[in-house]
Amino acid sequence: MVDRIESLRAEASAAISAAPDRAALEELRVRFLGRRSELTGILRGISELEPSERGPVGAAANAARTALEDELAARREALDAAEIERALEGEAIDVTLPGTPPVAPGHLHVLTRTRREIEDVFVGLGYRVLEGPEIEHDFYNFTALNHPPGHPARMLQDSFYIDSTTLPAGVLNERGLPPGPQDVLLRTHTSPMQVRAMEAQEPPIFIVVPGTVYRRDTIDATHLPMFNQVEGLAVGEGISLTDLAGTLDHAAKALFGPERRTRLKPDYFPFTEPSVQVDVSCFACDGSGRLANGERDPLCKGTGWIEILGAGMVDPNVFGFVGGEYDPETTQGFAFGMGIERIAMLKHGIPDLRLFFENDVRFLEQFS
Amino acid sequence: MRVPFGWLTEYCDPGLAPEELAELLSMRAVEVERVSRVGVPSTDGFEVGRVVSAEQHPNADRLRVCEVETSEGTRTIVCGAPNVAAGQAVAVALPGARMPDGQKLKRAKLRGVESNGMILSERELELGDDHAGIMVLDTDAAPGTPLADVLPITDSVLELDLNPNRVDCMGVYGVAREVHAITGAPLAPAPWELDAEPEGGGSVQDLASVTVEVPELCPRFTARAFTEITLGPSPTWLRARLLAAGMRPIFNAVDITNYVMLITAQPLHAFDLDRVPGGELIIRTAREGETMTTLDGIERTLDAETVLVCDRDGPAGIAGIMGGQRSEVSDATTSVLLEVANWDGVNVLRTSSLLGLRSDASSRNEKQLHPELTIRAQRLASRLFAELCGATVVPGTVDAAAEIPAPHRISLHGARLDSLLGVPIERAEASAGLGRLGFEVAEAGERDLEVTVPVERHYDVTREVDVIEEVGRLHGLDRLPRTLPAHPDRVGGLSREQLVRRRVEDVIRDLGFDQIVSWAFVDAGLADRLRLLGDDERRVAVATHNPISEEHARMRTTLLGGLLDAARHNLARDVARVALFESGPVYLRESAGDEGGPLTGRFAGRMPPPARERHRLAGLLVGGLAPPTWRGSAPAGDAAGFYSLKGALETLAAQLGVALALSPGAEPFLHPGRAASLAIDGRGAGWIGELHPLVSREWDLPGASAFELDLAPLSDAFGGGEERYRDLTSHPSVLQDLAVTVGEEVPAERVREAVAHGGGELLVDARIFDVYRGEQVGPGRKSLALRLEFRAADRTLTDAEVGEARERIRRELAEIGGSLRE
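Counting from 1, residues in each chain are numbered in the order their sequence is written. Lettering of chains starts at A and numbering of ligands starts at 1, both following the order in which they are written. Restriction of local features to residues with pLDDT of at least 70 applies here, the model being predicted, together with a cutoff of 80 or more for giving and counting side-chain atom pairs; totals for whole chains, interfaces and linings are based on all residues. Think of the side-chain values as coming from all heavy atoms in the structure, minus any hydrogens and water.

Q: Is there a simple way to think about the environment of glutamate 690 of chain B in this case?
A: All names here are of chain B. Within the element layout of this structure, glutamate 690 appears in strand 33 (residues 683-691). Partly exposed residues are those whose accessible area sits between 20% and 50% of the maximum for their type, while under 20% is buried and over 50% is exposed, using a 1.4 Å probe and protein chains only. When its relative accessible area of 12% is taken as the criterion, glutamate 690 is described as buried. Any pair of residues with heavy atoms lying within 4.5 Å of one another is described as a contacting pair. Dropping the residues within four chain positions of it, glutamate 690 is found in contact with Ala640, Phe642, Leu670, His671, Arg674, Ala704 and Ser705. The secondary structure listing takes helices from DSSP runs of H or I that are at least 4 residues long and strands from runs of E that are at least 2 residues long, numbered from the N terminus.

Q: Even after reading the chapter, I still don't get the sheet that holds strand 30 (residues 612-622) of chain B, so can you show me in this structure?
A: Strand pairing in a sheet relies on backbone hydrogen bonds, with the paired strands running either antiparallel or parallel. Residue and element names in this part refer to chain B. For two strands to pair, DSSP has to find at least two bridges joining them. Pairing is mixed across the open sheet formed by seven strands, whose spatial order is 26-29-30-34-33-32-31. The two strands at the open ends of the sheet, each matched to only one other strand, are strand 26 (514-515) and strand 31 (660-664). Pairing geometry for strand 31 and strand 32 (residues 670-680), over five bridges, is antiparallel. If you follow proline 664 over to strand 32, its bridge partner there is alanine 676. Helix axes use the C-alpha atoms of the stretch in contact, all axes being lines fitted to C-alpha atoms, and the angles between their N-to-C directions lie in the range 0 to 180 degrees. On the sheet, helix 13 (residues 496-510) packs against strand 26, strand 29 (578-588), strand 30 and strand 34 (704-710) and is oriented at approximately 155° with respect to strand 29. Strands strand 29, strand 30, strand 33 and strand 34 of the sheet are contacted by helix 15 (residues 560-571), whose axis makes an angle of about 150° with strand 29.

Q: Sorry if this is basic, but what is going on with the state of the cysteines here?
A: As used in these notes, a disulfide is a covalent bond between sulfur atoms, one from each of two cysteines. All names here are of chain B. Disulfide assignment relies on a single distance test, namely cysteine sulfur atoms paired within 2.5 Å. In this structure the tally under the stated criterion is zero disulfides over all chains. Between cysteine 66, a cysteine without a disulfide, and cysteine 79, which holds the nearest cysteine sulfur, the sulfur-to-sulfur distance is 5.1 Å. Accessibility expressed as a relative area gives 0% for cysteine 66, which makes it buried. With no disulfide of its own, cysteine 218 lies 12 Å from the sulfur of cysteine 310, the closest cysteine sulfur. Judged by relative accessible area, cysteine 218 falls into the buried class, the value being 2%.

Q: Explain the layout of surface pockets to me, please; I cannot follow it from the model alone.
A: Unoccupied space between atoms shows up once a probe the size of one water molecule is rolled over them. Residue and element names in this part refer to chain B. Space inside the second largest pocket adds up to approximately 1,800 Å³. Cavity means a closed set of points on a 1 Å grid over the protein atoms alone, one where a 1.4 Å probe fits but cannot get out, pocket means an open set with protein on both sides within 12 Å along at least 5 of 7 lines, and lining means a residue has an atom within 4 Å of a point. In terms of lining, the second largest pocket is formed by 38 residues, of which the most central are Tyr643, Lys646, Glu650, Ala748 and Glu749. Every element with two or more residues in the lining of the second largest pocket is listed here: helix 16 (642-655), strand 31, strand 32, helix 19 (748-759), strand 36 (763-772) and strand 37 (781-790). No other element matches helix 16, which puts six residues into the lining of the second largest pocket. When we break the lining of the second largest pocket down by domain, the ones giving at least three residues each are domain 5 (496-717) and domain 6 (734-820). Grid points are joined across faces, edges and corners, and a volume is the space filled by probe spheres set on the points. Where each domain starts and ends follows an automatic or database-derived domain assignment.

Q: Where do I start with empty space enclosed by the protein in this structure?
A: Evaluation of the coordinates by the stated rule reveals six cavities of 30 Å³ or more. If you add up the space inside the largest cavity, you get close to 520 Å³. Along its surface, the largest cavity is lined by 33 residues, and Arg115, Glu134 and Thr212 of chain A together with Pro585 and His615 of chain B are the ones closest to its centre. Looking at the lining of the largest cavity, the elements that each hand over two or more residues are helix 5 (110-124), strand 4 (205-214) and strand 5 (226-235) of chain A together with helix 13, strand 29 and strand 30 of chain B. It is strand 29 of chain B that contributes the most residues to the lining of the largest cavity, five residues altogether. Each residue is assigned to one class: nonpolar for Ala, Val, Leu, Ile, Met, Phe, Trp, Tyr, Cys and Pro, charged for Asp, Glu, Lys and Arg, and polar for all the others, Gly among them. Here the residues of the lining of the largest cavity are counted per class, giving 12 nonpolar, 10 polar and 11 charged. By volume, the second largest cavity is sized at about 100 Å³. Taken together, 15 residues line the second largest cavity, and the ones lying closest to its centre are Val522, Leu526, Ala527, Arg538 and Thr557 of chain B. Of all the elements in the fold, those that place two or more residues in the lining of the second largest cavity are helix 14 (526-529) and strand 28 (554-555) of chain B.

Q: Looking at this structure, I do not really get the packing of helix 19 of chain B against helix 20 (residues 799-815) of chain B. What am I missing?
A: A pair of packed helices can be characterised by two numbers: the angle between their axes and the separation between those axes. Residues and elements named next belong to chain B. Axis separation between helix 19 and helix 20 bottoms out at 7 Å; the angle between their running directions is 140°. With respect to each other, helix 19 and helix 20 are oriented oblique. Helix 19 and helix 20 meet at a crossing whose hand is right-handed. Side by side, helix 19 and helix 20 meet where Val751, Ala754, Val755, His757, Gly758 and Gly759 of the first sit next to Ala805, Arg808, Ile809, Glu812 and Leu813 of the second. Geometric relationships in this document are graded by angle, where less than 35 degrees denotes roughly parallel, more than 145 denotes roughly antiparallel, 65 to 115 denotes roughly perpendicular, and other angles denote oblique. Crossings are sorted by hand: turned counterclockwise from the far helix by less than a right angle, the near helix makes the crossing left-handed, and turned clockwise it makes it right-handed.

Dropping the structure here:
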C-alpha cells in the first residue's frame, strides 16, 4: 500500500510540473487530491486496515497529500507570473517619446535678485531694510541733503518735477525757479530716506534703503530715466571713515568675491563730507589691467579698478535739517549709495542697461 | 577741464610722467578722467630748417622747389605755400616723422621733383588754424635744432572730471597748487603776482565808469583800460596752450582773456572801448521780455531776474555768461575796456539754465568765484596786454565792490579730526598739508590748529569738517585701515511686509511666472487703450512736468500696461511661455494715509509723501502654464488660461495661509463674463479675469488672462508662523461624494457655500471635483460633484450624524434651486 502511495505521488509530481496552464493544474488537483481520487480513497479507508498497517499508510498518504498541495501552489504561482509577463508584453509604450515636464518654475528678475543679495549682506551686518516714496518732496531729495535752491550740485541730477495740478489737494507743492523745498519731484536718489529715517529714529541707526530713482536722461546703453539704488546709513557714536572703508570692503567682497580689494578716492556729494568714491579691484583682470592674453582689459579700461559706489561721512548740515537728537556738532556717521543695475551688470557681464527694462523672456530666463 | 601737462608743470613739476601724475591726482585731489595727447605722437624727425633758396617748380605754377638746411645738410623740399622765401626759419618734418594723425611721412616725387620732407603749416602741427601758408619761426636756433625745443609740438593733456565744489581747479594754477600739495614739489610764484606798469598820465576813471544797481547780484565789478593796442595773432606758445586746453585762438586781445581765465579760473570780458559810449557801464536786471543779441549772433529774450551789463545804448552783455555783439572786440579795435567781475553764482546758473546758454564763463561763474580773483585776473591780463599787444596800460582800476567777505577762520580740533577719520593724524602732517594748499595755519593748544581759508577755496571750505576732508585726502584715503562700527547692540532684519513680499515673489516665481520690471511712467493714451471709463480713478494720474517724451509723462495707476507691453514683445519673438508677473508700486493721486506700512504708501519721516504709492502684484498668462506637449495642450475650455491663473493665485494664497475670495466682478479691460473681484478678509484686494478681446487685440495677443492684487491686505492676513496643531488622527473623518444639479446661472461657489452652510461645523471640507452637463441633467442645468469631509475633533461620527448633515445640505441646496442626484 505504501508503495502504491509513493508511485501515485511520483506520477502526480511529474504531471504537476508539466502542467501547461491553470486549467490543467486544476484538473490534476481534482485527479490526484479530489474527493474521488485514489489518495483520498486510501486515506478514507485507513480505518479498515490492519492495525499494524494503519500507522505507516496514514503517514505516507498524509505526507504525499501535503507535498502535492505545496507543489500545486508553487506551480500555480509560477504559471501566474508567466501569464502577467505575457500580458505586459502587449502593454509596451514608446519610451523614447518626450516626457511630460512638470510646470517649470519661472524666474525672479535679476534686479530683484541683486537687490536681495545686497540687502542680505547688510542685514548680516546688523542693518534694517527701509523703503521710501518715489514721488518725493524737494525738501527731502535736495534741500535737507544740503543742496540749497540754485546750487550747482542740483545740475548733476537732472530731475523730473511733478505737475503740481496732478497732486492731491493740500500737498505742499509749488513749482519754483530755481526749484526749492516747495517742489515735488521723482526722487533722483534713495538718499531722501536718510533724512526721513533719522526723523523717525534716534541714533544709533543702521539702515539700507533699496528703491527706484529717476533722472531726466534719454535712454541709451548707459543711461536710463529710471533705475535702482541701495542707500546705506550708519550713524552712531564714534562711527568713522575707517568704518565706512571696512563696511564697504566687506560688502564688495560679499558681492564680488573674497579675493576682491577696494580703494577709496576723494569725491564730492553735497550731503557727505568727506566724500569718497569706492573702487573694487577688477574681476576680469584681477586688478592687473591686462587680460591673460596681454591685451588691455576693456572692463576696467586697463586701470585694474572699477568704480562701484559713492559714499562719505554724513554732512553736519544734514544732521542740522534733521534736528532733535542729531546734534551737528557731535553726531557722526557714514552714508553710501550704489546702483543695483551697475552691480548686476558687473556681476553678470550685462552690457546694456536697456536689457533690464525690455522684459525679454530670453533675458529674464538667464537668471533664476 | 583740459589741463595741458607742459603748462601745468611750468608751475609745479614733480618729475612724474603724465599718467603717474594723473593717478596721483585722482587718488588725492580731483578725478583725472583720461590722459590724452595733442600734436605729434613723437618729436622724432621734426627740426628747425633754414630756407636757403626757393625757386619756381619747373612743372607746376603753385609749387616751389626749396633747398632747406637741416641736421643732415641741405635737402630739397617741394612746397606749395605762397609765403615760403629764402632766409626763413621754418618747421620741417623729415621722411619717417609721424604726423599728428599718425601717418608716417614718406619721400615723394611731386611733378618730377623728389621732395625729401615737408615744410609745415600751423594746422599740420595742430598748433593753430592757419593753413594759408607755412609757419615762419621767430628763432635764432641753428638749423637741425629739434623742433620741440622751439615749438610745443607735442603735449599730454590731463582731462579733469571736476565736481562743482572745485572751481579753483578750473584754472591751471589751481591744479598746480594741488600737485604741490600732494607731491611737495616746489610751486612757482603765482603768475598774477606782478602787475603791469601803467603808462602816461590820466586815469581809467577818465575813460570809464561803472554803476552797479544790483550789488547783491554783482559783488564786485572791476575794469581796466588799454589803449594803442596792436591787434594780431597771438604767439605760437599761447595759441598752442589754448588749443591744447580746448579753446580756439582768435587774436591776441581775445586770446588773452581766455588764457587768463584758464590760469586763474576767473572769466574776463573785453569791450571795444570806442563802442561803449562814454565808457559808461550800468549793471542792472533786465526788463521782462527785454532782448539782446549775444556774441554768438543769437537774439535772446530775457526775464526780470537776468543781470545785464549795459551801456547807454542798452544791454552789452549777459552778466557772467556771454557778451553782446554790439561792443565786441573786432579787428578795428584800438582800445579795450576789460571787465573782470564777480557775480552771484545762483543767479548765473539760473539764467544760463533758463536761456539754455552755457559758456566757459558761466560754467565758472555759476560755481561762485571769490571777488578777490577779479584783481588777480586784471593784473595778469594787464601784463599780457602790454607784452603781446603793445598796449598802453591806463593807470588805475574801476572797482565797484560790495564788501569783500572776510576769510573763514576755522578751528581744527585734533580729537575731532581723529574721530571722524578713524585714524590718528600727526598735527605736523595736517599743518604742512594745509599750508601747501594755501591755508594759513597756526597751532593752538596741544593738538588743535587755527586755519584761515584761502580765497580760492572760500565757498568750498567753510567748516571744520571741510578742513578734515582736506587733511584726509592729502593723507591718502586709500591708506585708511578697514574697521567695522563698534555698535554690538544693533539688530538687522527684514520687516514682516518685506518678508511677505519676498515670499509672494518666490511662490509666484515657483509657479512658473517670470518677473518683469517695467517703466513707472506710461503714456496718457494707456487709459483709453485699457478702455477705462471717464470716472475710473485709474484715469487720474500723477504726471511729470517735464517728461522726456509724452510716452513717459504719467505715473502708472495699474501694473497691467507694463505686462501687456511685455507680453506683446515676447509673443512677437516666439517665446514658448508667456507667464509674467510684476511686483511694484502704482502711484495714486491720493493723500497717503496714516495706516499701514510701505506697502500702502506710508513711510518714515515727518512729512507724509506727496502721493499714495501702493505696492501691487500683477500677473499675465497667455495660454497655459504647462507647455503644450504631444499629449495635448491646455485643458479644454481654458484657452485663455483663466483657470491656470486662478489656480496659481489660489496656490499663492494657500502658501501664505490666506483665504482669497473670488466673486463675479467687472473691469472694463476684462471679458464681461469672465471677470472676478478678489477679496481678502472682506477687503477688496484686486481683480482677475480673461482680457477683453478688444484689449487683447490692441496688444496683438491671443486670449490671455491677468490679475492685479494689492499686497497690503495679503500681508495683513498672512498667517505664516502662527498655525496651531489640530488632532486629525484620533478620530477618523467620513468621506462622502455629493452630486448636485443646479441651474446654469448659479455660480459654483454659491453651491459650495450652500453645502458648507448646510454641513455645519461637522463638515470640514467640501470641494468641487467635477462639472457635468448633458442629457441626464437636462437643458439649462449642470451637475456639480463635490467631495465632502465630515469630522469631529472629540468623537468618531455616527452614520446618523452624517445623515442629518446631508439632510440639512439638501435643504440648503433646495433654496438655490439645487437638488441631490442620488
